[in-house]
Amino acid sequence: MLRKLLGGVILAATLCGCGTMDNMISGDRAVYGGVRHDFQNVSSGKAAALLDVPFSAIGDTVTLPVTAAKALRRD
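Since this is a predicted model, take the numbers as computed values, not measurements.

Colleague: I keep staring at the overall build of the protein and nothing clicks. Help me out?
Modeller: What the protein contains, in helices and strands, is 5 helices and 0 strands. The burial tally for the protein puts 27% of its 75 residues in the buried class. The long-range share in the protein, meaning contacts at least 24 apart out of those at least 6 apart in sequence, stands at 63%.

Spelled out as C-alpha cells, the structure:
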C-alpha cells in the first residue's frame, strides 16, 4: 500500500506543472506564473501546453507561499 502511494506521489510530482517548474527555476517566481507561462505558450501556437494548465494551477497553488512572499518583497 505504501509503495503504491509513494509511486503515485512521485508520478504526480513529475507530471505536475511544467509551467510551474519553469516559473520556479527561472528565478522570476511570479504568483501563478506557471499558469501564465502555459497560456503564453498556447497563444504562441503550442496548443499542447493547454493540457498542462490544471497541473500548473495545482503546482502554483502549492508554491504560492514562496511566490507571494517574493512578490510582497518586490513591492
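Now, onward.
Colleague: Teacher, can you tell me more about the side chain of Asp 38 here?
Modeller: Examined against the element boundaries, Asp 38 turns out to sit in helix H3 (residues 33-43). Within the structure, the side chain of Asp 38 is placed 2.6 Å from the side chain of Ser 56, a separation counted as a polar contact. The contacts of Asp 38, once residues within four sequence positions are left out, are Gly 19, Ala 49, Asp 52, Val 53 and Ser 56.

Colleague: Is there a simple way to explain unusual backbone geometry in this structure?
Modeller: In terms of backbone geometry, most residues other than glycine have negative phi values and most peptide bonds are trans. In the Ramachandran plot, Arg 29 falls in the positive-phi region, its phi being about 45° despite a non-glycine side chain. Checked against the element boundaries, Arg 29 lands in the loop between helix H2 (18-26) and H3. Phi is positive for Tyr 32, close to 50°, though the residue is something other than glycine. Tracing the chain through its elements places Tyr 32 in the loop between H2 and H3. The class of Tyr 32 is partly exposed, set by a relative accessible area of 31%.

Colleague: What's the story with helix H4 (residues 53-62) in this structure? I'm lost.
Modeller: By the burial criterion, the buried members of H4 are Val 53, Ser 56, Gly 59 and Asp 60. Down the axis of H4, the sector holding all buried residues measures 120°, keeping them to one side. The exposed set on the far side of H4, more than 90 degrees from its buried face, consists of Ile 58 and Val 62. Those residues of H4 that are buried lie in contact with H2, H3 and helix H5 (64-74).

Colleague: For this particular structure, what's the right way to read the packing of H2 against H3?
Modeller: Geometry of a packed helix pair, given as the angle between the helix axes and the separation of the axes. Running from N to C, H2 and H3 point in directions that differ by 115°, and their axes come no closer than 7 Å. The orientation of H2 relative to H3 falls into the category roughly perpendicular. When you trace H2 past H3, the crossing you get is right-handed. Across the interface between the two elements, Gly 19, Thr 20, Asp 22 and Asn 23 of H2 pack against Gly 33, Gly 34, His 37 and Asp 38 of H3. Classifying every residue of the contact of H2 with H3 by side-chain character gives no nonpolar, 6 polar and 2 charged.

Cut-offs used in this document
Residues numbered from 1 in each chain as written. Predicted model: local features only at pLDDT ≥ 70, side-chain atom pairs only at ≥ 80, totals over all residues. Heavy atoms only, no water. Helix = DSSP H or I, 4+ residues; strand = E, 2+ residues; numbered from the N terminus. Buried < 20%, exposed > 50% of the residue type's maximum accessible area, 1.4 Å probe, protein only. Contact = heavy atoms within 4.5 Å. Polar contact = N/O pair within 3.5 Å; in protein donor to acceptor, adjacent residues only side chain to side chain. Arc of directions from axis to C-beta. Axes fitted to C-alpha atoms, helices over the stretch in contact; angles between N-to-C directions. Parallel < 35°, antiparallel > 145°, perpendicular 65-115°, else oblique. Left-handed = near helix turned anticlockwise from the far one by under 90°. Nonpolar A, V, L, I, M, F, W, Y, C, P; charged D, E, K, R; others polar.

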